[in-house]
Amino acid sequence: LEFRRVLSDLSSGINAEYGVLSENTEVMYSEDESVTLDLGDYNPEPSQKQGSDPAFGMTSEMQSQIAGKMFEIGTSKAKEAFSFYGRIDILRPYFDVEPAQVQKRLISALIPEKLTGNTPNVVSELYGPLMVVLTLIAVMLAGMKASGQTVQEGTLMGTAIGTCFGYWVGASCFFFALAYFCDTKISAIEVLSLCGYGLFGTLLCMFLSTLLMASASDLFFYATWGVLGVSSAVRMGYIFLERTAVRKQGVTVAAIVASVHLLFILYLKFVYHKTYEAAAKINPIHVR
């Protein structure tokens with residue numbers, strides 16, 4: 001009886017899988033255990049279903065559903081990533097500042113402090129530094145226009161923006177890497193804020209020497225560079241010195257930061273201006 005039940009299940013499975021057994025299919029067996037299965041016109045190779053994949057056994061409809069599902073998942077993940085990085089709330093704390101606070105921080109950026117051994121506070125704010133950089137760009141453009149000669153359209157503004165923003169971001173990255181190797185406890189946002197406020201001394205030097213006193217000699221520029229530029233550079237070096245655990249390394253970091261800051265002012269005055277003046281002589285366009 002058990003053997004007959006197995007044969008019956010086997011015949012039902014073959015009929016359901018291949019559709020070759022008919023109603024007249026006979027399963028013959030005898031007591032001497034000889035069994036004969038009459039399968040009719042049975043073809044041992046199963047017929048491949050239309051639209052199926054022989055490798056995975058999936059139909060074209062299943063493949064399209066899986067592809068559509070994967071596309072939906074990828075699209076949702078991409079939207080989540082863009083919405084996360086595009087939220088204004090991420091940048092809100094760095095620009096949420098009152099104008100009176102910015103004014104105080106600009107003045108304090110020009111006042112060096114005494115060495116007290118205490119860790120000085122550095123604001124994690126980017127509104128003031130961004131405004132300083134944009135104002136420095138405007139001052140440089142105004143100084144170029146005041147010379148009475150310009151080069152090709154768009155060159156002055158693009159060069160000024162690239163120079164100012166390039167120094168702000170590039171110098172901040174260099175200072176942060178230097179602080180990392182010298183074990184200076186300062187974050188990347190604090191370095192950006194400190195370097196941006198430090199450019200306020202550069203802004204005053206360029207404003208006084210190129211706009212208000214454009215006809216004065218270089219002695220006036222060196223005077224402003226020695227007072228405003230050095231004071232802002234010393235302020236920046238003081239922050240790095242007090243934030244460094246080892247005093248010897250702190251002195252090294254402070255000296256490098258102050259030197260880079262002062263050299264950038266000299267670059268804007270003598271190298272950058274000479275570059276655009278030479279370009280103006282090659283292709284002058286007089287401005288009325």
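Just so we're clear, the structure is a prediction, and the values are computed from it rather than from any experiment.

1. Looking at the nonpolar core
With 43 residues, the main nonpolar core has Leu 136, Phe 175, Ile 186, Leu 194, Leu 199, Phe 240 and Leu 268 as its most contacted residues. Where this core is concerned, the elements lending two or more residues are α4 (99-108), α5 (127-146), α6 (155-181), α7 (188-212), α8 (218-243) and α9 (247-282). For this core, the element with the highest residue contribution is α6, accounting for 9 residues. With residues near it in sequence (within four places) discarded, Leu 194 still touches Val 122, Ile 186, Met 236, Ile 239 and Phe 240.

2. Points about the state of the cysteines
Inspection of the entire model under this criterion finds 0 disulfides. Its sulfur unpaired, Cys 195 is 9.7 Å from the next cysteine sulfur, which belongs to Cys 173.

3. Observations concerning the packing of aromatic side chains
Applying the stated rule across the entire model yields 10 aromatic pairs. With a centroid separation of 6.2 Å and 50° between ring planes, the pair formed by Phe 165 and Trp 168 is classed as tilted. On the criterion of helical spacing, the pair formed by Phe 165 and Trp 168 is a turn pair, its members being 3 residues apart in helix α6. Among the aromatic residues, those joined into a ring-pair cluster are Phe 221, Tyr 222, Trp 225 and Phe 270. Cation over ring: Lys 269 sits above Phe 221, and NZ or CZ is 5.6 Å from the ring centre.

4. Section: the packing of α7 against α8
When two helices pack together, their arrangement is given by the angle between the helix axes and by the axis-to-axis distance. The contact between α7 and α8 brings their axes to 8 Å, and the two run at 170°. What the angle tells us is that α7 and α8 run roughly antiparallel. Here Glu 190, Val 191, Leu 194, Cys 195, Gly 198, Gly 201, Leu 204, Cys 205, Leu 208 and Ser 209 of α7 come into contact with α8, specifically with Phe 220, Phe 221, Thr 224, Trp 225, Leu 228, Gly 229, Ser 232, Met 236, Ile 239, Phe 240 and Arg 243. Taken together, the residues that form the contact of α7 with α8 break down as 13 nonpolar, 6 polar and 2 charged.

5. Side note on unusual backbone geometry
Most of the time, phi is negative for any residue but glycine, and the peptide bond is trans. The backbone of Asp 183 sits at a positive phi, close to 60°, despite the residue not being glycine. By the element assignment, Asp 183 lies in the loop between α6 and α7. On the basis of relative accessible area, Asp 183 is assigned to the partly exposed category, the value being 44%.

6. A word on the pattern of salt bridges
The tally for this structure, following the rule as stated, stands at 2 salt bridges. Ionic pairing is found between Arg 105 and Glu 125, a salt bridge with its closest N-O pair at 2.7 Å. Residue Arg 105 is found in helix α4, and its partner Glu 125 is found in the loop between α4 and α5; the two are separated by 20 residues along the sequence. Of the residues examined, Glu 125 reaches a relative accessible area of 4% and is grouped as buried. A salt bridge links Glu 190 to Arg 243, with the shortest nitrogen-to-oxygen separation between them at 3.2 Å. With Glu 190 in helix α7 and Arg 243 in helix α8, the pair connects residues that are 53 residues apart, well separated along the chain. According to the relative accessible area criterion, Glu 190 is buried, its value standing at 13%.

7. Focus: the side chain of Lys 269
Along the chain, Lys 269 falls in helix α9. Beyond its immediate stretch of four places on either side in the chain, Lys 269 contacts Met 206, Ser 209, Thr 210, Asp 218 and Phe 221.

8. Focus: α7
Its 25 residues give α7 an end-to-end C-alpha distance of 35 Å, which sits within 8% of 36 Å, the value for a rise of 1.5 Å per residue. At Gly 201, α7 shows its largest bend, some 25°.

9. Let's talk about the environment of Cys 164
Topologically, Cys 164 is positioned in helix α6. Those residues in contact with Cys 164 that lie beyond four places of it in its chain are Val 133, Leu 136, Ile 137 and Met 140.

10. Examining α8
Between the first and last C-alpha of α8 there are 36 Å, a value that for 26 residues agrees with the 38 Å anticipated at 1.5 Å per step. When the local axis directions of α8 are compared, the greatest deviation, roughly 30°, occurs at Trp 225.

11. Notes on the confidence of the model for the protein
For the protein, the mean per-residue pLDDT works out to 76, and 65% of the residues sit at or above 70. A low-confidence stretch, residues 17-35 (pLDDT under 50), is modelled with 27 contacts involving residues beyond four sequence positions or located in other chains. The low-confidence segment residues 284-288 (pLDDT under 50) makes 11 contacts with residues lying over four places distant or belonging to another chain.

Rules of the game
Residues numbered from 1 in each chain as written. Predicted model: local features only at pLDDT ≥ 70, side-chain atom pairs only at ≥ 80, totals over all residues. Heavy atoms only, no water. Core = buried A, V, L, I, M, F, W, Y, C linked by side-chain atoms within 4.5 Å. Buried < 20%, exposed > 50% of the residue type's maximum accessible area, 1.4 Å probe, protein only. Helix = DSSP H or I, 4+ residues; strand = E, 2+ residues; numbered from the N terminus. Contact = heavy atoms within 4.5 Å. Disulfide = S-S within 2.5 Å. Phe/Tyr/Trp six-rings, centres within 6.5 Å; stacked < 30°, edge-to-face > 60°. Lys NZ or Arg CZ within 6 Å of the ring centre and 35° of its normal. Axes fitted to C-alpha atoms, helices over the stretch in contact; angles between N-to-C directions. Parallel < 35°, antiparallel > 145°, perpendicular 65-115°, else oblique. Nonpolar A, V, L, I, M, F, W, Y, C, P; charged D, E, K, R; others polar. Salt bridge = Lys/Arg side-chain N within 4 Å of Asp/Glu carboxyl O. Expected span 1.5 Å × (residues − 1). Bend = angle between axes of the 7 residues up to and from the residue. pLDDT = per-residue confidence, 0-100.

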